Amino acid sequence: MAKTFQPGYDVVVIGKGIAGLTAAVNAAARGASVALVYHSTLCSSHLAYEGVFRFPENIDELDHMVREHGCGLADPKLLAAFFHHYRDFGQDDLERIFPLAGAKPIGKKHRLGGPGILADLEHLCNSTGVTFIRGTVVKIDAPDGILSAVRMYHVRRLITIQAKSVIIASGGGIGNIYGTSDNCAACCPPGTALALNAGARLRDLEFISFHPFGAIGCRTHDGTTPVFTFFSIGENTEIYSNETNRRIPFIEDLIATRTADKNPHDNIFRIARTVWQNNGIHIFKNIRGSLQRINLSVVAHSLIGGIEVNADFKTAVNGLYAAGEAAAGLNGAGRLPGMALLEGYISGKQAGINAADHAGKSGFYPVDPDGFFPASMRFGMFSNLTDTIKQIADAALFIERTAAGLQLARKRLLKLQSGILKNHLAQHIENDLLETALAMVDASLLRKESRGNFSRQDFPGMDPGMQRNIVIQKNRPDSEITVSWSNEPAAFLACSNGQPSF
Ligand SMILES: Cc1cc2nc3c(=O)[nH]c(=O)nc-3n(C[C@H](O)[C@H](O)[C@H](O)COP(=O)(O)OP(=O)(O)OC[C@H]3O[C@@H](n4cnc5c(N)ncnc54)[C@H](O)[C@@H]3O)c2cc1C
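Quantities reported herein were computed from a predicted structural model and do not represent experimental measurements. The residue count restarts for each chain, going from 1 along the sequence in the order it is written. Local features are withheld for residues below a pLDDT of 70 in this predicted model, meaning they are given only at 70 or higher, and side-chain atom pairs are given and counted only at 80 or more; totals for whole chains, interfaces and linings count all residues. Excluding hydrogens and water, the side-chain figures rest on all heavy atoms present in the structure.

Engineer: Provide a residue-level description of the overall build of the protein chain, including the pertinent values.
Structural biologist: Only DSSP runs of H or I covering at least 4 residues are called helices, and only runs of E covering at least 2 are called strands; the numbering of each starts at the N terminus. When you go through the protein chain residue by residue, the secondary structure sums to 14 helices and 18 strands. With C-alpha atoms as the basis for the radius of gyration, the globule rule is written as 2.2 Å multiplied by the number of residues raised to the power 0.38. A globule of 502 residues ought to have a C-alpha radius of gyration of about 23 Å, and the protein chain, at 22 Å, matches this closely. For every residue, the accessible area (1.4 Å probe, protein chains only) is compared with the maximum for its type, and the residue is labelled buried under 20%, exposed over 50%, or partly exposed between those bounds. The buried share of the protein chain, taken over its 502 residues, is 57%. When checking whether two residues touch, look at their non-hydrogen atoms; a contact exists if any pair is within 4.5 Å. Pairs at least 24 residues apart make up 73% of the contacts formed inside the protein chain by residues separated by at least 6 positions. Each accessible area is a Shrake-Rupley estimate made with a 1.4 Å probe; only the visible protein chains count as cover when residues are assessed. Carbon and sulfur atoms form 50% of the exposed surface of the protein chain, whose accessible area is close to 20200 Å². Taken as two groups, the 49 positive and 47 negative side-chain charges of the protein chain have centres that lie 4 Å from each other. Only four residue types enter the tally: Lys and Arg on the positive side, Asp and Glu on the negative side; His and the chain ends are excluded. Note on charges: their place is set at NZ of Lys, CZ of Arg, CG of Asp or CD of Glu.

If you want it as structure tokens, here you go:
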């Protein structure tokens, strides 16, 4: 395979979603030279087709949301930083920053189309001189805990790009791990594994949000426009079980309560579990004059945990930052609903500014151009490992988890890992998927309770002694992952009711 060495960008951003584009434009506006590398234009930000930007009115409202959903595990320092930066952002900014997305206020929320948001940000990136490079990042080099380069693959070319700072804005990668997901299924290593192997820590990977009414697997008309991902179910929708074909008035009642905004989030896990137990649901909808049956089921929707960052969105590796869904800490044990886009925007902006400032004070760290790409490296084909990982995740890491199911998943993943070929780039990528799934399984085994979006069938109650984060790390790049309770004190925010959200 041909090899290319690209010396010198101040900042390399990984990901072309809302977090990556915002990071790139802010780093470039700070005077940094910026390359944005991306695997695909189709991403979660794109799929938030009529995305909702939700705005907490004040710190009390944010605090209330975190109590309700975060269940004692959100990072107070990160929340304080988030709210501090959020104060700068208002309606004027929405109209100025997102002219194409067309912000429509709906109460304390704004509707903006995902593709419009991305088009607006890409336009800003182009006008600030950001270089776009398409390809898949397969490794981040950080010898001695100092960031030096990213390694990527692009159509039979292996590219090494030297960098002073790197921002991982690679999204949650949930569509790579689960088969039953409303995210895109694109085989690329989740940023979590890239960060882990560069020496950063991950946290709370046991927390995934599940959407109760998803349509599985996004497809596109033309490669850019999502056809349809999930369906809003209103107060007057009749819901039928796929298992029995009978109506489920229980869910209809719960939705009516939710729609009336009396009790907005308390019942979501009950809805998701009921939909799951009924093997999915169907509704009937009049589409262009004919009544059509629409099948919906619970889908893995987003990553709640991820890469550990501090209040500057910096990881433990010097020069390495993370933003958007790839980063952990803001949500705690349950995702703050409708706030992922706002979170991606604010964390991307701060990561971009901080990474540019870091680059301004740093030199390039030496890179061995051949290092990760030895002469014997070949791409080969993806095996069916990816599909097997998805089957394992769907079976063991869905709504309800048990010790037996998780142990079996662990055994199967370790067996698959023992057969991975070295110097085989496709298998290296698949191994990164596998390591993330393994970390999710190990963290789920350690958490012997049910909290927020995490449910253990064998431990249905919440245990106050487990109001702590789980951290995932490697001692050396080639060593095994370790999963353990964090030594840091539990977050100060109490848990109100332990209910999850989507
Ligand atoms: C169907 C759907 C609807 C949603 N609706 C809403 C909503 O209404 N409101 C809301 O707030 N949130 C919503 N969300 C969640 C929200 O869209 C996401 O959390 C958010 O967009 C994530 O943005 P991001 O920039 O962090 O990552 P993404 O948008 O996922 O972007 C990740 C980018 O990283 C790239 N990438 C990943 N790995 C690599 C690699 N190894 N090398 C190179 N590039 C890589 C990808 O190709 C992509 O360009 C929705 C999500 C989905 C799936």
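Having seen the structure, we can now continue with the description.
Engineer: Explain unusual backbone geometry residue by residue, including any values.
Structural biologist: Its identity as a non-glycine residue notwithstanding, Cys-71 has a phi of 50°, on the positive side. Note that Cys-71 resides in the loop between helix H3 (59-70) and helix H4 (76-86). The class for Cys-71 is buried, based on a relative accessible area of 0%. One non-glycine residue with positive phi stands out, namely Asp-144, at about 60°. In this structure, Asp-144 sits in the loop between strand E7 (136-141) and strand E8 (149-154). For Asp-144, a relative accessible area of 63% translates into the label exposed.

Engineer: Could you give an account of the domain arrangement of the protein chain, with specific residues and numbers?
Structural biologist: By a widely used convention, the size of an interface equals the accessible area lost when the partners come together. Per the domain assignment, the segments making up the protein chain are domain 1 (2-58 + 75-207 + 307-327 + 334-360) and domain 2 (223-299). Residue ranges for the domains originate in an automatic or database domain assignment. Between the C-alpha centres of domain 1 and domain 2 there is a distance of 32 Å.

Engineer: Give me the lowdown on the packing of aromatic side chains, citing residues and values where you can.
Structural biologist: Within 6.5 Å between ring centres, the rings of Phe, Tyr and Trp (the latter by its six-membered ring) count as paired, and their orientation is classed by plane angle as stacked under 30 degrees, edge-to-face over 60, tilted in between. Per the counting criterion, the structure on display carries 11 aromatic pairs. Aromatic side chains Phe-82 and Tyr-86 sit 6.3 Å apart centroid to centroid with 0° between the ring planes, which places their arrangement in the stacked category. Of this pair, Phe-82 and Tyr-86 both sit in helix H4, separated by four residues, roughly a single helical turn. One exposure class covers both Phe-82 and Tyr-86, and it is buried. Seen in terms of ring centroids, Tyr-178 and Phe-210 are 6.1 Å apart; in terms of plane orientation they differ by 90°. Their pairing is edge-to-face. Of this pair, Tyr-178 sits in the loop between helix H7 (174-177) and helix H8 (191-198) while Phe-210 sits in strand E11 (residues 208-214), and the two are 32 residues apart along the sequence. Each member of the pair, Tyr-178 together with Phe-210, is buried. Following the ring pairs from residue to residue traces out a cluster consisting of Phe-53, Phe-55, Phe-82, Phe-83, Tyr-86, Phe-98 and Tyr-345. Placement of a positive charge over a ring is assigned whenever Lys NZ or Arg CZ falls within 6 Å of the ring centre and within 35 degrees of the normal to the ring plane. Here the basic side chain of Lys-16 rests over the ring of Tyr-38, its NZ or CZ set 4.3 Å away from the ring centre. Taking the ring centre of Phe-132 as reference, the NZ or CZ of Lys-16 above it sits at 5.0 Å.

Engineer: Outline the sheet that holds strand E17 (residues 470-474), supporting the account with residue identities and numerical values.
Structural biologist: Strands are treated as partners if at least two bridges between them are detected by DSSP. One open sheet holds the four strands; their spatial order is E15-E10-E17-E18, and the pairing between them is antiparallel. In this open sheet, the two edge strands, each paired with only one partner strand, are strand E15 (306-307) and strand E18 (481-485). Where E17 meets E18, five bridges bridge the pair, whose relative direction is antiparallel. Paired with Val-471 across the bridge in E18 is Ser-484.

Engineer: Could you give an account of the sheet that holds strand E4 (residues 104-106), naming the residues involved and the relevant values?
Structural biologist: Taken together, the three strands give an open sheet; going across it, the order is E3-E5-E4, and neighbouring strands pair in antiparallel fashion. Single-partner strands in this sheet number two, and they are strand E3 (51-54) and E4. Averaged over neighbouring strand pairs, the angle between their axes works out to 30° when direction is ignored. To define axes, lines are fitted to C-alpha atoms, for helices over the stretch in contact only, and angles between the resulting N-to-C directions are given on a 0 to 180 degree scale.

Engineer: How would you explain the site of the ligand if you had to name every residue and give the values?
Structural biologist: Any residue with a heavy atom positioned within 4 Å of a molecule or strand is treated as near that molecule or strand. Taken together, 36 residues are adjacent to the ligand, and Ser-40, Ser-45, Val-52, Val-137 and Glu-325 come closest. Any N or O atom pair separated by 3.5 Å or less is treated as a polar contact, with the protein-specific requirement of one donor-capable and one acceptor-capable atom, and with residues adjacent in sequence counted only for side-chain atom pairs. Taking Ser-44, its main chain carries an N or O atom lying 3.3 Å from an oxygen atom of the ligand. Here Gly-338 contributes a backbone N or O atom positioned 3.2 Å from an oxygen atom of the ligand. Against a free-state accessible area of 1000 Å², the protein chains account for coverage of 95% of the ligand. Top element by residues in the shell around the ligand is helix H2 (residues 44-47). It accounts for three residues. Residue composition of the shell around the ligand, by class: 16 nonpolar, 16 polar and four charged. Under the scheme applied here, ten amino acids are nonpolar (Ala, Val, Leu, Ile, Met, Phe, Trp, Tyr, Cys and Pro), four are charged (Asp, Glu, Lys and Arg), and all others, including Gly, are polar.

Engineer: So what about the side chain of Arg-151? Which residues, and what values?
Structural biologist: With respect to the helices and strands, Arg-151 occurs in strand E8. Take Arg-151: its relative accessible area is 1%, and that puts it in the buried class.

Engineer: How would you explain the packing of helix H13 (residues 403-418) against helix H14 (residues 425-446) if you had to name every residue and give the values?
Structural biologist: Direction vectors running N to C along H13 and H14 enclose 155°, while the axes themselves pass 10 Å from each other. As summarised for this structure, H13 and H14 are arranged roughly antiparallel, according to the angle between their axes. The two elements H13 and H14 cross, and the hand of that crossing is left-handed. Contacts from Ala-403, Leu-406, Gln-407, Ala-409, Arg-410, Leu-413, Leu-414, Leu-416 and Gln-417 in H13 reach Asn-431, Leu-434, Glu-435, Ala-437, Leu-438, Val-441, Asp-442, Ser-444 and Leu-445 in H14. A class-by-class count of the residues in the contact of H13 with H14 yields 11 nonpolar, four polar and three charged. Under this scheme an angle from 65 to 115 degrees is roughly perpendicular, one under 35 degrees roughly parallel, and one over 145 degrees roughly antiparallel; angles in between are oblique. It is the rotation of the near helix from the far one that decides the hand of a crossing: anticlockwise by less than a right angle makes it left-handed, clockwise makes it right-handed.

Engineer: Can you break down the pairing of strand E13 (residues 281-287) residue by residue, with the values?
Structural biologist: When strand E12 (residues 240-241) meets E13, the two strands line up antiparallel, connected through two bridges. Note that in E13 the partner of Ser-241 across the bridge is Ile-281. With seven bridges joining them, E13 and strand E14 (residues 290-303) adopt antiparallel strand pairing. If you follow Ile-283 over to E14, its bridge partner there is Ile-294.

Engineer: I'd like to hear about the nonpolar core, residue by residue, with values.
Structural biologist: If you look at the biggest cluster of nonpolar residues, it comprises 130 residues, and the most contacted ones within it are Phe-53, Phe-98, Ile-140 and Tyr-178. Two domains each provide a minimum of three residues to this core, namely domain 1 (2-58 + 75-207 + 307-327 + 334-360) and domain 2 (223-299). In contact with Phe-53, not counting residues within four places along its chain, are Ile-18, Phe-89, Leu-94, Phe-98, Lys-108, Lys-109, His-110, Leu-112, Ile-117, Gly-338, Leu-341 and Leu-342. Nonpolar cores were defined as sets of buried Ala, Val, Leu, Ile, Met, Phe, Trp, Tyr and Cys residues, with membership established by side-chain atoms within 4.5 Å.

Engineer: So what about the pattern of salt bridges? Which residues, and what values?
Structural biologist: Between side chains of opposite charge, pairing is possible as soon as their charged atoms come close. Salt bridge, as applied in this entry: a Lys or Arg side-chain nitrogen positioned within 4 Å of an Asp or Glu carboxyl oxygen. One pass over the structure, following the stated rule, counts 18 salt bridges. We note a salt bridge from Asp-75 to Lys-77, for which the minimum N-O separation is 3.9 Å. Given a relative accessible area of 56%, Lys-77 falls into the exposed group. Here Arg-151 ties to Asp-141 by a salt bridge, and the two come within 2.7 Å at their closest N and O atoms.

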